[in-house]
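Chains, contacts and geometry: an overview
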Protein chains: 2
Amino acid sequence: MKKYEMILYDLEGKIKNKTVKENELLPSENELVKHYDASRATVRQALKILEERGLIQKQKGRGSVVIASSKLNFPISGLTSYKELQASLGFESSTHVVTFEKLIIDQELANQTLFKLGTEVWHILRTRQINGKAVVLDRDFIKYDIAPDMTREAVADSLYHYLENQLNIDISFAQKEITIDFINDEDKKRLDLNPLDRHVVSVKSHVFLNDATIFQYTDSRHQVDKFQFTEFARRQKR
Amino acid sequence: MKKYEMILYDLEGKIKNKTVKENELLPSENELVKHYDASRATVRQALKILEERGLIQKQKGRGSVVIASSKLNFPISGLTSYKELQASLGFESSTHVVTFEKLIIDQELANQTLFKLGTEVWHILRTRQINGKAVVLDRDFIKYDIAPDMTREAVADSLYHYLENQLNIDISFAQKEITIDFINDEDKKRLDLNPLDRHVVSVKSHVFLNDATIFQYTDSRHQVDKFQFTEFARRQKR
DNA sequence: TAGTGGTCTAGACCACCCG
DNA sequence: GGGTGGTCTAGACCACTAG
């Protein structure tokens, strides 16, 4: 384990178990340097990550304050998979794999997914049930040659768990888009929708590996009244 | 101007005007050190910011690649105000101030806004017109003592511009939430909605200053087919 | 005025990628 | 094996906050 990770996890623990309470100051950087026997740069690397995650706010001339709203801040932002989300929120749900097949990208799919024409991909369609109702419909396209041995069972559990822990694939970043789309035939067929609803929430993502190549396109379609998206955002200075 | 900002702006410019093309490598950190006559830590500080903004992807043992999807990546994420968004997207629009008043937080508002009971706030209701149609309804509550001299005219232009450039207020971070809400009476009265629509998109934000105190609560309500939210997200290693 | 975080330097060793 | 980014050190000066 790297030194800055040690410091990060230790401080994160102290914030989460309230050893340092909300609106209180962390020890100063110089004190942390002594306490962890590290250089100031290393301590600052750990503090930077806590700040990015919205756990602390640094103030010049004063110190690092623990942010009060951490109780509000649950992690749908960043890049979080359904399975992780389910675990962190603690509700019961199940996944049904509707379609699991290999196909080749045609012109129409190429425009939508950003995969090159002719690329071999897995095409996966899954529904997510909460309390027996299908409330989310996920359509995934995943580069075939990255995961040729994928199985129906693996994707029924968690796609990301399989890719990261079984295959050691380095998922790096994504471009996401949220829009409100009209319900289509597939939505109507697969989801338990309110008959008065005309729309679903669509979250479309292009997901890239560490080498900046695209490896996944997803369209996740949610029943409107079951959808919530939260994020912690910092103001960009220009 | 700080040295790392110089380097940041220079590299940002070279990426945006295609001096370094997509999927190509930036000069190595050591080359940048020589070129800018800076230490490696300073160069790395600039590169870190480019990486956070989704302009480059760093790869150990290889270099920093310019990310191809920058054309897709427009800045609704982070903390961006309507006025800035309008400017960056280039469409024509206007703002109408419906309500501009001072009021005191009661129990119900305290729960919703997170302002303490009895806090004095500005209450501002604005509609945003595109092509003559009211498509967004913004309701703002802003801590009164931070901006006691605010005027109706200032908020008709841009609230954030006024607060940051006129008052030098240090807006720092926000907790945001996107949900699909049922249309209420105020929405019906102020927005030009499709008569078949039952929902609006609601973006609720708690906005905090650098000292971690709350100074603004906003509920921004959008006509469903005019709404789009995009973000660049990085996978969090756990 | 003492202490804080922000910026910057010059050096070092490592793991990793690629030819 | 040579070059890359990742981690870490020991120092320095500055701007800012607070008592």
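Conventions we followed
- Here the residue index of a chain counts from 1 through its sequence in written order.
- Lettering for chains starts from A, numbering for ligands starts from 1, and both go in the order in which the items are written.
- Residue-level local features of this predicted model are given only where pLDDT is at least 70; pairs of side-chain atoms are given and counted only at 80 or more, and the full residue set underlies all totals for whole chains, interfaces and linings.
- By convention in this description, side-chain values take in all heavy atoms of the structure and omit both hydrogens and water.
- Residue proximity to a molecule or strand is established when one non-hydrogen atom of the residue lies within 4 Å of it.
- Polar contact is defined as a pair of N or O atoms within 3.5 Å, subject to the rule that within protein one atom must be able to donate a hydrogen and the other to accept it, and that residues adjacent in sequence are counted only when both atoms are side-chain atoms.
- By definition, any uninterrupted DSSP run of H or I lasting at least four residues is a helix, any uninterrupted run of E lasting at least two residues is a strand, and each is numbered from the N terminus.
- Charged residues are taken to be Asp, Glu, Lys and Arg, nonpolar residues to be Ala, Val, Leu, Ile, Met, Phe, Trp, Tyr, Cys and Pro, and polar residues to be all remaining types, Gly included.
- For each structure, a 1 Å grid was placed over the protein atoms alone; sets of points admitting a 1.4 Å probe that cannot get out are labelled cavities, open sets with protein on both sides within 12 Å along at least five of seven lines are labelled pockets, and lining residues have an atom within 4 Å of a point.
- Grid points are joined across faces, edges and corners, and a volume is the space filled by probe spheres set on the points.
- Throughout this description, buried means an accessible area under 20% of the type-specific maximum (1.4 Å probe, protein chains only), exposed means over 50%, and partly exposed covers the range between.
- Whether two residues are in contact is decided by their heavy atoms: any pair within 4.5 Å suffices.
- Between 30 and 60 degrees the pair is tilted, below 30 it is stacked and above 60 it is edge-to-face, where a pair is any two Phe, Tyr or Trp rings, Trp via its six-membered ring, whose centres lie within 6.5 Å.
- Placement of a charge over a ring requires the Lys NZ or Arg CZ to be within 6 Å of the ring centre, with the centre-to-atom vector within 35 degrees of the ring normal.
- When DSSP locates at least two bridges between a pair of strands, those strands are taken to pair.
- Working rule for helices: expected span equals 1.5 Å times residues minus one.
- The arc in question is formed by the directions pointing from the helix axis toward the C-beta atoms.
- pLDDT is a residue-level measure of predictor confidence that goes from 0 to 100.
- We define a salt bridge as a contact between a side-chain nitrogen of Lys or Arg and a carboxyl oxygen of Asp or Glu at a distance within 4 Å.
- Each axis is a line fitted through C-alpha atoms, taken for helices only over the stretch in contact, and angles between the N-to-C directions span 0 to 180 degrees.

**Some points on the protein's contact with DNA strand C**
E29, R40 and R44 of chain A together with K3 and S39 of chain B are the nearest of the 24 residues found near DNA strand C. Restricting attention to atoms of DNA strand C within 4 Å of the protein, one finds that 69% of them are sugar or phosphate atoms. At 3.1 Å from a phosphate oxygen of DNA strand C is found a side-chain nitrogen or oxygen belonging to Y4 of chain B. Q45 of chain B has a polar side-chain atom sitting 3.4 Å from a phosphate oxygen of DNA strand C. Elements represented by at least two residues in the surface near DNA strand C include exactly α3 (40-52), β1 (56-59) and β2 (63-66) of chain A together with α1 (3-16) and α3 (40-52) of chain B. Across the surface near DNA strand C, the residue classes break down as 3 nonpolar, 9 polar and 12 charged.

**Topic: the protein's contact with DNA strand D**
Close to DNA strand D lie 24 residues; K3, S39 and T42 of chain A together with E29 and R40 of chain B are nearest. Those atoms of DNA strand D that come within 4 Å of the protein belong to sugar or phosphate at a rate of 70%. A distance of 2.5 Å separates a phosphate oxygen of DNA strand D from a polar backbone atom of K3 of chain A. In this structure, Y4 of chain A approaches DNA strand D through a side-chain N or O atom, which is 3.0 Å from a phosphate oxygen. Of all the secondary structure elements, the ones that give two or more residues to the surface near DNA strand D are α1 (3-16) and α3 of chain A together with α3, β1 (56-59) and β2 (63-66) of chain B. With 4 residues, the top contributor of residues to the surface near DNA strand D is α3 of chain A. Its residues placed into classes, the surface near DNA strand D shows 3 nonpolar, 9 polar and 12 charged.

**A closer look at empty space enclosed by the protein**
Applying the stated rule across the entire model yields 1 cavity of 30 Å³ or more. In this structure, the largest cavity occupies an estimated 60 Å³ of space. Lining the largest cavity are L196, D197, R198 and H199 of chain A together with L196, D197, R198, H199 and V224 of chain B. Grouping the constituent residues of the lining of the largest cavity by class yields 3 nonpolar, 2 polar and 4 charged.

**What to know about helix α7 (residues 159-166) of chain B**
For α7 of chain B, every residue scored as buried is listed here: L159, Y160, Y162, L163 and E164 of chain B. Buried-residue contacts for α7 of chain B involve β4 (120-130), β5 (133-143), α6 (152-157), β6 (171-182), β7 (199-209) and β8 (214-223) of chain B.

**Brief notes about the packing of aromatic side chains**
If you walk through the whole model with that rule in mind, you get 11 aromatic pairs over all chains. Here W122 of chain B and Y144 of chain B contribute two aromatic rings whose centre-to-centre distance is 5.3 Å and whose plane-to-plane angle is 50 degrees, an arrangement assigned as tilted. Of this pair, W122 of chain B sits in strand β4 while Y144 of chain B sits in the loop between β5 and α6, and the two are 22 residues apart along the sequence. A connected cluster of aromatic rings, assembled from ring pairs, spans F100, W122 and Y144 of chain A. Here the guanidinium or amino end of K102 of chain A rests over the ring plane of Y144 of chain A, the centre of that ring lying 4.0 Å away.

**Considering the pairing of strand β6 (residues 171-182) of chain A**
Within a regular beta strand, the side chains point alternately toward one face of the sheet and then the other, so they alternate between its two faces. When you tally the buried positions in β6 of chain A, you get 10 out of 12 residues, the bulk of the element. Pairing between β6 of chain A and strand β7 (residues 199-209) of chain A: 11 bridges, direction antiparallel. Each bridged residue has a counterpart across the sheet, and for K176 of chain A the counterpart in β7 of chain A is S205 of chain A. Relative to strand β9 (residues 228-234) of chain B, β6 of chain A is paired through 7 bridges, and the arrangement is antiparallel.

**Overview of α1 of chain A**
Residues and elements named next belong to chain A. Taking 1.5 Å of rise per residue, the 14 residues of α1 would be expected to cover 20 Å, and the 20 Å separating its terminal C-alpha atoms lies within 8% of that figure. Residues E5, I7, L8, L11, E12 and I15 constitute the buried set of α1. Seen from one end, α1 has its buried residues packed into an arc of 160 degrees, which puts them on one side. Looking at the packing, one finds that the buried side of α1 touches α2 (29-36), α3, β1 and β2. Phi turns positive one or two residues past the end of α1, at K18, with a value near 65 degrees.

**Examining the confidence of the model for chain A**
Per-residue confidence for chain A averages 86 on the pLDDT scale, and 89% of its residues sit at or above 70. Contacts of residues 71-79 of chain A to residues separated by more than four positions or lying in other chains number 34 contacts, the stretch itself having pLDDT below 50.

**Thoughts on the side chain of Q57 of chain B**
Within the fold, Q57 of chain B resides in strand β1. Here the side chain of Q57 of chain B touches S172 of chain A through a polar contact of 3.1 Å, side chain to side chain. The residues contacting Q57 of chain B, other than those within four sequence positions of it, are S172, F173 and N210 of chain A together with E51, G63, S64, V65, I67 and R234 of chain B.

**Overview of the environment of T218 of chain B**
Residue and element names in this part refer to chain B. Among the secondary structure elements, T218 is positioned in strand β8. For T218 and K204, which are 14 residues apart along the polypeptide, the C-alpha to C-alpha distance reads 5.5 Å. If sequence neighbours within four positions are ignored, T218 has contacts with R139, D140, V203, K204 and S205. Among the polar contacts made by the side chain of T218, one reaches the side chain of D140 at a distance of 2.7 Å.

**Considerations on the pattern of salt bridges**
All names here are of chain A. Under the counting rule described, the total for this entry stands at 38 salt bridges over all chains. Measuring nitrogen to oxygen at the nearest pair gives 2.9 Å for the salt bridge that ties E186 to R190. Residue E186 and its partner R190 are both found in helix α8 (residues 185-190); the two are separated by 4 residues, about one turn of the helix. Assessed through its relative accessible area of 23%, E186 is described here as partly exposed. Bridged by salt links that share partners, the residues D181, D187, K204, D219 and R221 form one connected network.

**Details of the sheet that holds strand β3 (residues 94-104) of chain B**
Hydrogen bonding along the main chain pairs the strands of a sheet, whether they run parallel or antiparallel. The antiparallel open sheet is built from 7 strands, whose spatial order is β9(A)-β6(B)-β7(B)-β8(B)-β5(B)-β4(B)-β3(B). Each edge of the open sheet carries a strand with a single partner, namely β9 (228-234) of chain A together with β3 of chain B. Neighbouring strand axes in the sheet, compared pairwise and without regard to direction, differ in orientation by 15 degrees on average.

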